[in-house]
Amino acid sequence: MNLLVLRFSAMGDVALMAPALIAVAAKYTNIQLTVVTRGNYAPFFYNIPNVNVIGINLKKYKGLTGLYRLFKELNKLGPYEKIVDLHSSVRSRFISLFFRFRGIPVFQIIKGRREKMRQIRKNRKVLRKLPHTVDRYLKVFEKAGYPATVRKGPWINVDPESKIYAKDFLLSRKIDKKEGLWIGYAPFAGHKLKEWPLEKSIALLRLLKEEFPNVRIFLFGSSQEASIMEEWRNGDQTITIVSGGKYGIRGELGIMERMDVIIGMDSSNIHIAALLKRPVIALFGTTHPLSGFAPFGQEDTGVLQIEDLPCRPCSIYGNTTCYRKDFACMERITPEDVIKRINVIKNINTLF
């Protein structure tokens, strides 16, 4: 029996399929899960039994004719018993529709858009905990006839190639062994309103060095953000920049796996780190973990936020502007708050 599972983006949402796929694959060993996603996301699903990843380049399937061509290519790899659409985007809905015309049942995710809109409206907010994205994925499998329970993590397994990439990267930076406290910091996000002010990042780096003399800091960002991180680094050999390049997602997974703590915004880096079961500290401002996007498995210790702001959240994805004009939700989180949380996680005494 073969189930076709669709989820194309975004990176964090694709990675969050891993706990659901593991749960279903472990319980129903007689089924094949064929996952269709972007090709570079395949490392998230390494070593999950009965999971076959079809990595595609969406640029090759533009428009309705492109989607129909993708449908025909996928159809040749069947037959499929059911279609599990974990994206419910225009693209995935059209592909699902083509399969529905063939008589194959389709099960789609319910994203809870109405409940989320109630969370972010200015007046009469209804801020209650919504199902986590992983739980929403599992609900779709349940509707398809495959209820399953999340198993113990880590939920992303790092493949040997990732480990080799990580080792090569570290050796190229003259880091031949792990010493002291390794802290990863991912200061960027897909939307600016989800990012901490830059001066606070600079202050945090300074404070990390003062509080933990044996610390090695790894800055995670894209190649476009590398110049900013180089300015922050300012020649400090205990700060290492990880910006993808030839190592890609595989290399970053191998490096993240070695971190003692990973700090970041509400972004894919934090979700991936949590799925690796590394301790995380996610800074939430504009967005809110109650919307269903908290670091999986670390919904309490892994979240740092200002809770007494009635304007929060003002966005689900961070693609908005601050109507208060003071960005209080992120401005009021201090570098000292981050240090305190690290000490809670690592059980280290602190003066703060």
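Definitions and cut-offs
Residues numbered from 1 in each chain as written. Predicted model: local features only at pLDDT ≥ 70, side-chain atom pairs only at ≥ 80, totals over all residues. Heavy atoms only, no water. Helix = DSSP H or I, 4+ residues; strand = E, 2+ residues; numbered from the N terminus. Rg over C-alpha atoms; globule rule 2.2 N^0.38 Å. Buried < 20%, exposed > 50% of the residue type's maximum accessible area, 1.4 Å probe, protein only. Contact = heavy atoms within 4.5 Å. Areas by Shrake-Rupley, 256 points an atom, 1.4 Å probe, with all protein chains shown as cover. Lys, Arg positive; Asp, Glu negative; His and termini not counted. Charge placed at Lys NZ, Arg CZ, Asp CG, Glu CD. Pairing = 2+ DSSP bridges. Right-handed = clockwise from strand over helix to strand, strands pointing away. Axes fitted to C-alpha atoms, helices over the stretch in contact; angles between N-to-C directions. Parallel < 35°, antiparallel > 145°, perpendicular 65-115°, else oblique. Left-handed = near helix turned anticlockwise from the far one by under 90°. Nonpolar A, V, L, I, M, F, W, Y, C, P; charged D, E, K, R; others polar. Phe/Tyr/Trp six-rings, centres within 6.5 Å; stacked < 30°, edge-to-face > 60°.

### Considering the overall build of the protein chain
Within the protein chain, the secondary structure is distributed over 13 helices and 11 strands. Taken against the 2.2 N^0.38 rule, which gives 20 Å for 352 residues, the C-alpha radius of gyration of the protein chain at 21 Å falls within 12% of a compact globule. Seen along its three principal axes, the alpha-carbon backbone of the protein chain occupies a region of about 65 × 55 × 35 Å. Buried positions account for 55% of the 352 residues belonging to the protein chain. Sequence-distant contacts, at least 24 apart, represent 66% of the contacts inside the protein chain between residues at least 6 apart. Carbon and sulfur atoms make up 50% of the accessible area of the protein chain, which totals about 16400 Å². Side-chain charges of the protein chain comprise 55 positive and 32 negative groups, with the mean position of each set lying 9 Å from the other.

### Concerning the pairing of strand 4 (residues 82-85)
Judged by which residues are buried, strand 4 turns out to be covered on both faces: K82 and V84 on one side and I83 and D85 on the other are all buried. For strand 1 (residues 2-6) and strand 4, the ladder comprises four bridges, and the chain directions are parallel. Note that in strand 4 the partner of L3 across the bridge is K82. Where strand 4 lies against strand 5 (residues 106-108), three bridges are found, and the strand directions are parallel. Paired with D85 across the two strands is Q108, which belongs to strand 5. This β-α-β element, strand 4 to helix 4 (residues 90-101) to strand 5, shows right-handed connectivity.

### A look at the packing of helix 10 (residues 248-256) against helix 11 (residues 268-275)
The N-to-C vectors of helix 10 and helix 11 enclose an angle of 60°; their axes lie 10 Å apart at closest approach. Relative to helix 11, the element helix 10 lies oblique. Crossing handedness for the pair helix 10 and helix 11: right-handed. Packed against helix 10, whose contacting residues are E252, L253 and M256, the element helix 11 presents N269, I272 and A273 at the interface. Across the contact of helix 10 with helix 11, the residue classes break down as four nonpolar, one polar and one charged.

### Some points on unusual backbone geometry
That bond from G78 to P79 is cis: its omega, 10°, falls within 30 degrees of zero. Inspection of the secondary structure puts P79 in the loop between helix 3 (63-76) and strand 4. Between R312 and the following residue, P313, the backbone shows a cis peptide bond with an omega angle of -15°. Note that P313 resides in the loop between strand 11 (303-305) and helix 12 (328-331).

### Regarding the packing of aromatic side chains
In total, this model carries 12 aromatic pairs according to the counting rule given. Ring geometry for Y68 and F98: centres 5.2 Å apart, planes at 85°, overall edge-to-face. In this pair, Y68 sits in helix 3 while F98 sits in helix 4, placing the two residues 30 residues apart along the sequence. We classify F98 as buried; its relative accessible area is 13%. Note on W182 and F218: the rings are 4.9 Å apart at their centroids and 45° apart in plane angle, and the pair reads as tilted. Within this pair, whereas W182 is found in strand 6 (residues 181-186), its partner F218 is found in strand 7 (residues 215-220), the two being separated by 36 residues in sequence. Assigned by exposure class, W182 and F218 land together as buried.

### A few points about the pairing of strand 6
The element strand 6 is extensively covered by neighbouring structure, given that six of its six residues are classed as buried. Burial along strand 6 is two-sided: the residues L181, I183 and Y185 and W182, G184 and A186 are all buried. Looking at chain direction, strand 6 and strand 7 are connected through five bridges and run parallel. In the strand pairing of strand 7, W182 is matched with R216. With four bridges connecting them, strand 6 and strand 9 (residues 261-265) associate as parallel partners.

### Observations regarding the sheet that holds strand 4
Pairing is parallel in the open sheet, where five strands are placed in the order 3-2-1-4-5. Looking at strand neighbours, the two that pair on one side only are strand 3 (51-56) and strand 5, the edges of this open sheet. Geometrically, the sheet is characterised by an average inter-axis angle of 20° between neighbouring strands, direction not taken into account. Sheet contacts for helix 6 (residues 133-143): strand 1, strand 2 (32-38), strand 4 and strand 5; angle to strand 5, the most-contacted strand, approximately 155°.

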